[in-house]
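One-letter residues, chain by chain:
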Amino acid sequence: MKLSDRLAELEKTPAKELPAQRRGRAAAATQQRRTTRRTAAPAKPANDWESAKRTVREAVISDLGPRLASVTDIDAEVAKVMDAALARGVVKVASTERKRFVAEVASDILGYGPLDPLLSDSSVDEIMCNGYDDIYVERRGKIEKSDARFADETQFRQVIEKIVSAIGRRVDEGSPMVDARLPDGSRVNAILPPLAIHGPVMTIRKFAERPYTITDLVANNTLTMDAGVFLEACVRARLNVLISGGTGSGKTTMLNVVSSFIPESERVITIEDAAELQLQQPHVITLESRPPNAEGRGAVTIRDLVRNALRMRPDRIIVGEVRGAEALDMLQAMNTGHEGSLTTVHANSPRDVVSRLETMVLMAGFDLPVRAIREQIASAVDLIVHTERLADGSRRLTAITEVQGTEGDVVTLQDLFTYEPGPAGSEGTGAMRATGLRPRKLDQIGRSGVELPPRLFARVGPAVPVKGRRG
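Throughout what follows, the structure given in this document is the object of discussion. What you see is a predicted model; the values in this text were computed from it and never measured. (Residues numbered from 1 in each chain as written. Predicted model: local features only at pLDDT ≥ 70, side-chain atom pairs only at ≥ 80, totals over all residues. Heavy atoms only, no water.)

### A few points about the pattern of salt bridges
Right, so step 1: According to the stated counting rule, one finds 27 salt bridges in the structure shown.
Right, so step 2: Salt-bridge contacts for Asp-226 lead to Arg-455; the nearest nitrogen and oxygen are separated by 3.4 Å. Residue Asp-226 is found in helix 9 (residues 225-236), and its partner Arg-455 is found in the loop between helix 15 (442-447) and strand 16 (466-467); the two are separated by 229 residues along the sequence.
Right, so step 3: Using a relative accessible area of 25% as the deciding quantity, one classes Asp-226 as partly exposed.
Right, so step 4: Here Lys-441 ties to Asp-382 by a salt bridge, and the two come within 3.4 Å at their closest N and O atoms. In this pair, Lys-441 sits in the loop between strand 15 (429-434) and helix 15 while Asp-382 sits in the loop between helix 14 (370-380) and strand 12 (383-389), placing the two residues 59 residues apart along the sequence.
Right, so step 5: On the accessibility criterion, Asp-382 (8% relative accessible area) is buried.
Right, so step 6: Here the salt bridges do not stand alone but share partners, grouping Asp-121, Arg-139 and Glu-144 into one network. (Salt bridge = Lys/Arg side-chain N within 4 Å of Asp/Glu carboxyl O. Helix = DSSP H or I, 4+ residues; strand = E, 2+ residues; numbered from the N terminus. Buried < 20%, exposed > 50% of the residue type's maximum accessible area, 1.4 Å probe, protein only.)

Next comes the structure, spelled out in structure tokens:
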């Protein structure tokens, strides 16, 4: 048959599929069914306890909702309405279980449901909700499965929305990612479908109710007293300090501790995506970035806040984390009279910090030569404090490195203190040790009125491993 005849026949039967098309459509349907079976988590039926809680919760919300604005003691009113609902026989609960039932329903309404016990557990460092019935926690650097679970995905979403709306942010299908915080400063990240394939995911990084001090870090063997004394001297001498490390290595905790050395007489401005720093000084201004609204307008970035902070007469600028184009503005601030600035950055080593800063400066959109960027970095950053999470889950300060300047196109670094691990197989041992080199900024530290003894930098004998507590 000629090609023209075949085309004519196809035009007469446009609705008829070709064999190849039918095979392709069938294969796609089969693959879709396989994917659905593989990825879709089977819904678990709610038990009688969860059903009873849901029933009472809905009854309380229905009763209390219309008069919520006039309620002064919300806790007492919820308890009163709950007792009335149970007395009416809305659900049947054994007398021995009534106290626990009331506490859990109250937690669902007033708190964060099954997360409340985990949030109040001081041994839990991080809560990872991979689904409404799939919750993990981190204790002492180790991840373990938790027995906690939400009743269903609806309750899980309600808790996410309660956390996010409390600080004026939103999360929905149009804006499915959000960074937020709890009233105690704990960091919250949530992501919804369609970005999270299996359902909503929420991660909570907890912070201690009482901020860590340098004494706590020394007791946990995170660093030595000599290293702590040196860091305090550097902050008081207004050196620009950059704290680096990987995810979960303790950068924010270290930044909190280091910032505690800032004199109370100075005006401090902190800039963060979600405010979580816990500074104890009386004169602290806290700024927080803002995501775009539903129309995609109104965003205020870290970079905008850094530039605005320069007009607010700061003695110190502390940026929670530099991760983008704001690195250029931060370096310029450090180089134009705003000494003593502090910030953190993700990096695997002090040397990697320089490369990361170069990349972030280029993200600002200016076609700057690499040599000029490196000179800016060498001139702005005085000290790099590097943290790591070790294999046993403990967090350690592993290097205090001085930025000495440039030689040609290379930024020169000098380690002042380094972490030396203990013998192989001895988990949790190791020691911070001076390298024997004197800091180039020692004269500047002396001019600030802080005298450091020469023995602080002396390398005397082998490092003695110290049994460390996981921190």
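### Things to note about the packing of helix 12 (residues 326-335) against helix 14
Right, so step 1: Interaxial distance between helix 12 and helix 14 falls to 9 Å at its minimum, and their mutual angle equals 50°. By the angle class used here, helix 12 and helix 14 are oblique. Handedness of the helix 12/helix 14 crossing: left-handed. Seen from helix 12, the contacting residues are Leu-331, Gln-332, Met-334 and Asn-335; seen from helix 14, they are Gln-376, Ile-377, Ser-379 and Ala-380.
Right, so step 2: Taken together, the residues of the contact of helix 12 with helix 14 sort by class into four nonpolar, four polar and no charged. (Axes fitted to C-alpha atoms, helices over the stretch in contact; angles between N-to-C directions. Parallel < 35°, antiparallel > 145°, perpendicular 65-115°, else oblique. Left-handed = near helix turned anticlockwise from the far one by under 90°. Contact = heavy atoms within 4.5 Å. Nonpolar A, V, L, I, M, F, W, Y, C, P; charged D, E, K, R; others polar.)

### A few points about unusual backbone geometry
Right, so step 1: Following Pro-193, the chain continues into Pro-194 via a peptide bond in cis, with omega recorded as 10°.
Right, so step 2: With respect to the helices and strands, Pro-194 occurs in the loop between strand 5 (187-191) and strand 6 (201-205).
Right, so step 3: Although it is not a glycine, Asn-221 adopts a positive phi angle of roughly 60°.
Right, so step 4: Within the secondary structure, Asn-221 sits in the loop between helix 8 (214-219) and helix 9.
Right, so step 5: The phi dihedral of Arg-313 is positive, around 55°, even though this residue is not glycine.
Right, so step 6: Mapped onto the elements of the fold, Arg-313 is located in the loop between helix 11 (302-309) and strand 10 (316-319).
Right, so step 7: For Arg-313, a relative accessible area of 57% translates into the label exposed.

### Concerning the layout of surface pockets
Right, so step 1: In this structure, the second largest pocket occupies an estimated 610 Å³ of space.
Right, so step 2: Around the second largest pocket, the lining is made up of 25 residues, and of these Arg-169, Ser-289, Arg-290, Pro-291 and Pro-292 lie nearest the centre.
Right, so step 3: Elements represented by at least two residues in the lining of the second largest pocket include exactly strand 4 (177-181) and helix 11.
Right, so step 4: When residues of the lining of the second largest pocket are assigned to their parent elements, the largest contribution, three residues, is made by strand 4.
Right, so step 5: The residue inventory of the lining of the second largest pocket, partitioned by class, reads eight nonpolar, seven polar and 10 charged. (1 Å grid on protein atoms, 1.4 Å probe; cavity = no way out; pocket = protein on both sides within 12 Å on 5 of 7 lines; lining within 4 Å. Points joined across faces, edges and corners; volume = space filled by probe spheres on them.)

### What about the sheet that holds strand 2 (residues 134-139)?
Sheet strands associate in pairs through backbone hydrogen bonding, adopting either a parallel or an antiparallel arrangement.
Right, so step 1: The antiparallel open sheet is built from six strands, whose spatial order is 3-2-1-6-5-4. Each edge of the open sheet is held by one strand with a lone partner, namely strand 3 (142-145) and strand 4. Strand-to-strand twist in this sheet, taken as the mean axis angle between neighbours without regard to direction, amounts to 15°.
Right, so step 2: Of the pairings in the sheet, the one linking strand 2 to strand 3 comprises four bridges and is antiparallel in character. If you follow Tyr-136 over to strand 3, its bridge partner there is Lys-145.
Right, so step 3: Strands strand 1 (124-131), strand 4, strand 5 and strand 6 of the sheet are contacted by helix 7 (residues 153-165), whose axis makes an angle of about 50° with strand 6. (Pairing = 2+ DSSP bridges.)

### Looking at the side chain of Ser-186
Right, so step 1: Mapped onto the elements, Ser-186 comes out in the loop between strand 4 and strand 5.
Right, so step 2: On the accessibility criterion, Ser-186 (1% relative accessible area) is buried.
Right, so step 3: Within the structure, the side chain of Ser-186 is placed 2.9 Å from the side chain of Asp-184, a separation counted as a polar contact.
Right, so step 4: In this structure the side chain of Ser-186 is engaged in a polar contact, spanning 3.5 Å, whose partner is the backbone nitrogen of Phe-207. (Polar contact = N/O pair within 3.5 Å; in protein donor to acceptor, adjacent residues only side chain to side chain.)

### A look at the packing of aromatic side chains
Right, so step 1: Applying the stated rule across the entire model yields four aromatic pairs.
Right, so step 2: Between Phe-230 and Phe-417, the ring centres sit 5.8 Å apart and the planes meet at 40°, which makes this aromatic pair tilted. In this pair, Phe-230 is assigned in helix 9 and Phe-417 in strand 14 (residues 410-421), connecting sequence segments 187 residues apart. With respect to class, Phe-230 is no different from Phe-417; both count as buried.
Right, so step 3: For the pair Phe-230 and Phe-457, a centre-to-centre distance of 5.5 Å together with 90° between the ring planes defines the contact as edge-to-face. Taken together, the residues Phe-230 in helix 9 and Phe-457 in the loop between helix 15 and strand 16 connect sequence positions 227 residues apart.
Right, so step 4: Owing to a relative accessible area of 1%, Phe-230 belongs among the buried residues under this scheme.
Right, so step 5: For Phe-457, a relative accessible area of 2% puts it in the buried group.
Right, so step 6: An aromatic cluster is built from Phe-230, Phe-417 and Phe-457, whose rings are joined through pairwise contacts. (Phe/Tyr/Trp six-rings, centres within 6.5 Å; stacked < 30°, edge-to-face > 60°.)

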